[in-house]
Amino acid sequence: MPLPTQAQNEAALVLFSGGQDSATCLAWALSRFGRIETLGFDYGQRHAIELACRATLRAGLQAQNRTWSDRLGMDHTLNLAALGEISDTALTREAEIAMAEGGLPNTFVPGRNIIFLNFAAALAARRGIRHIVTGVCETDYSGYPDCRDDTIKAVQVALNLGMESRFVVHTPLMWINKAETWQLAEELGGPKLVSLINQESHTCYMGERGTMHPWGHGCGHCPACDLRRNGWEEYQAKVTTNA
């Protein structure tokens, strides 16, 4: 649903990792707000290659849409090495991806999205930005508790209480699956945007970029690749049906 017209005169900060979800969220924000800044985090993740994809995606978005180009502002990267140092997970260590005790995959980095939003809010306050956009989702995900709608709403309340602010945390992907995320990209920027995100974004937990599959780069067998491939195939089936 489009935001009120006054949002076009406001700024937003997008948590932009370089993945499919955050790239779609960036396009979503560019279609709604007058000024957009992006923020990435380097926390020692195994798939740090995603950070290298960010510049290409930003440039691609600017090339595809003149309005978006005019709206896209500064990019920021914060070093959160301490998060990687205290985390013992398959995303921050050379470990086999598996289910851990408690029913969560060992790719879960405790507190990651909560920490990300705290740092994002601190940066947004300095930059005079009220809107924060993140690509978390609880419809089609790995069960991470800090991706849930209740968690994000609670964090928004805490940020506003603790910083005497009126931040709005937007989660445009919260209630849609990966196939619908591809569809949203098409609605925002047509086939060119879908192609850009498919070819240039990174999702694979293993950080592999060598093989280009129909759904994008990746190892093809980690949970992130499985979600992306399944979503792409479902999206493509709908495209074929509607053709």
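Residues numbered from 1 in each chain as written. Predicted model: local features only at pLDDT ≥ 70, side-chain atom pairs only at ≥ 80, totals over all residues. Heavy atoms only, no water.

(A) Fine view of the environment of Leu117. Summarising the element assignment, Leu117 is placed in helix α5 (residues 112–127). Residue Leu117 is classed as buried on the basis of its relative accessible area of 2%. Separated by 15 residues in the primary sequence, Leu117 and Ile132 place their C-alpha atoms 8.3 Å from one another. Discounting chain neighbours no more than four positions away, the residues touching Leu117 are Leu15, Ile132, Thr134, Ile152, Val155, Leu159 and Val169. (Helix = DSSP H or I, 4+ residues; strand = E, 2+ residues; numbered from the N terminus. Buried < 20%, exposed > 50% of the residue type's maximum accessible area, 1.4 Å probe, protein only. Contact = heavy atoms within 4.5 Å.)

(B) View of the pattern of salt bridges. In total, this model carries nine salt bridges according to the counting rule given. Note that Arg229 is salt-bridged to Asp226, the shortest N-O span being 2.6 Å. Of this pair, Arg229 and Asp226 both sit in helix α8 (residues 223–242), three residues apart, which is roughly one turn of that helix. Salt-bridge contacts for Lys238 lead to Glu234; the nearest nitrogen and oxygen are separated by 3.6 Å. Of this pair, Lys238 and Glu234 both sit in helix α8, separated by four residues, roughly a single helical turn. On the basis of relative accessible area, Lys238 is assigned to the partly exposed category, the value being 42%. (Salt bridge = Lys/Arg side-chain N within 4 Å of Asp/Glu carboxyl O.)

(C) Here's a closer look at the nonpolar core. Counting residues in each nonpolar core, the largest one holds 66 residues, and the members touching the most others are Val14, Leu26, Ile36, Leu61, Ile132 and Leu193. Sort the elements by how many residues they give to this core and helix α7 (residues 178–200) lands first, with nine residues. Excluding residues within four positions of it along the chain, Leu61 makes contact with Leu26, Ala27, Leu30, Trp68, Leu193 and Leu196. (Core = buried A, V, L, I, M, F, W, Y, C linked by side-chain atoms within 4.5 Å.)

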